[in-house]
Amino acid sequence: MARTPRLDTPLGRASVVRTPTPSRDRFGRFTEWVARAMGTPAFLVILTLFCAAWLGWNTLMPNEVRFDDAALGFTALTLMLSLQASYAAPLILLAQNRQDDRDRVQIEQDRQRAERNLADTEYLAREIVALRMALEERLSQSVTRDVLRQELKTLLAELEKEPAATDEGTP
């Protein structure tokens, strides 16, 4: 049996059910992982050690085991770093776009939450005003002892007059 919401009560937090939807965008998650990994000190240390090892190997080892010539300016290393940079920039931009989309959704949810909070606050303010008005009305109608005594004396006097009036009318 479904419960219908009442119009005289504000919506609570339990009335809005949100279920998180898992992201099915594997490439998007991959780009975010790459962007996060590239922004860490560990990545910079590993890249620095890799370049130092590459330069050391191709400088200090005998010519027969070298694979990148120092005389040509370490062409293979330059190409590898350029390739890494050419892929890194778009992947970081894709990750930023996904983050912007999430931020946009979060801002919209915050706006809706703020609207609900405003509606709840206005409802509570109206209720407080109604309670104050009812309390003032109740206090203005309160009877003091003196007023009550005076009213009782008046009623007693009227009751004493009535039997005399009814006695005169009967034979």
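Computed from a predicted structure; not experimentally measured. (Residues numbered from 1 in each chain as written. Predicted model: local features only at pLDDT ≥ 70, side-chain atom pairs only at ≥ 80, totals over all residues. Heavy atoms only, no water.)

1. Structural notes on the overall build of the protein chain
Looking only at helices and strands, one finds four helices and zero strands in the protein chain. Listed by position from the N terminus, the elements making up the protein chain come as α-α-α-α. In the protein chain, buried positions account for 9% of the 171 residues. Pairs at least 24 apart in sequence give 59% of the contacts found in the protein chain among residues at least 6 apart. (Helix = DSSP H or I, 4+ residues; strand = E, 2+ residues; numbered from the N terminus. Buried < 20%, exposed > 50% of the residue type's maximum accessible area, 1.4 Å probe, protein only. Contact = heavy atoms within 4.5 Å.)

2. Regarding the side chain of D68
For D68, the position within the fold is in the loop between α2 (41–60) and α3 (75–140). One buried charged residue, D68, forms no salt bridge at all, with the nearest opposite charge on R66 at 10 Å. Of note is the side chain of D68, whose polar atom sits 3.0 Å from the side chain of W54. In terms of polar contacts, D68 uses its side chain to reach the backbone amide nitrogen of T75, at 3.1 Å. (Lys, Arg positive; Asp, Glu negative; His and termini not counted. Salt bridge = Lys/Arg side-chain N within 4 Å of Asp/Glu carboxyl O. Polar contact = N/O pair within 3.5 Å; in protein donor to acceptor, adjacent residues only side chain to side chain.)

3. Observations concerning the packing of helix α1 (residues 26–38) against α3
α3 packs onto α1 with a crossing angle of 110° between their chain directions and a minimal axis gap of 8 Å. By the criterion of interaxial angle, the relationship of α1 to α3 is roughly perpendicular. Note that α1 runs across α3; the crossing there is left-handed. Contact residues: α1 offers F27, G28, R29, F30, T31, E32, V34, A35 and M38, while α3 offers Q84, A88, L91, I92, L94, A95, R98, Q99 and R102. A breakdown of the residues in the contact of α1 with α3 according to their chemical character gives ten nonpolar, four polar and four charged. (Axes fitted to C-alpha atoms, helices over the stretch in contact; angles between N-to-C directions. Parallel < 35°, antiparallel > 145°, perpendicular 65-115°, else oblique. Left-handed = near helix turned anticlockwise from the far one by under 90°. Nonpolar A, V, L, I, M, F, W, Y, C, P; charged D, E, K, R; others polar.)

4. Focus: the confidence of the model for the protein chain
Considering every residue of the protein chain, the mean pLDDT works out to 84; 80% of them sit at 70 or more. The secondary-structure element of the protein chain with the lowest mean pLDDT is helix α4 (residues 145–169), recorded at 79, while α2 shows the highest, at 94. (pLDDT = per-residue confidence, 0-100.)

5. Some words on the packing of aromatic side chains
This model, assessed by the stated rule, comprises four aromatic pairs. Consider the rings of F27 and F30, whose centres lie 6.2 Å apart with planes at 35°: the pair is tilted. Taken as a pair, F27 and F30 lie in helix α1 at a separation of three residues, close to a single helical turn. When its relative accessible area of 39% is taken as the criterion, F30 is described as partly exposed. Here a set of aromatic residues connected by ring pairs shows up, and it is made of F27, F30 and W33. (Phe/Tyr/Trp six-rings, centres within 6.5 Å; stacked < 30°, edge-to-face > 60°.)

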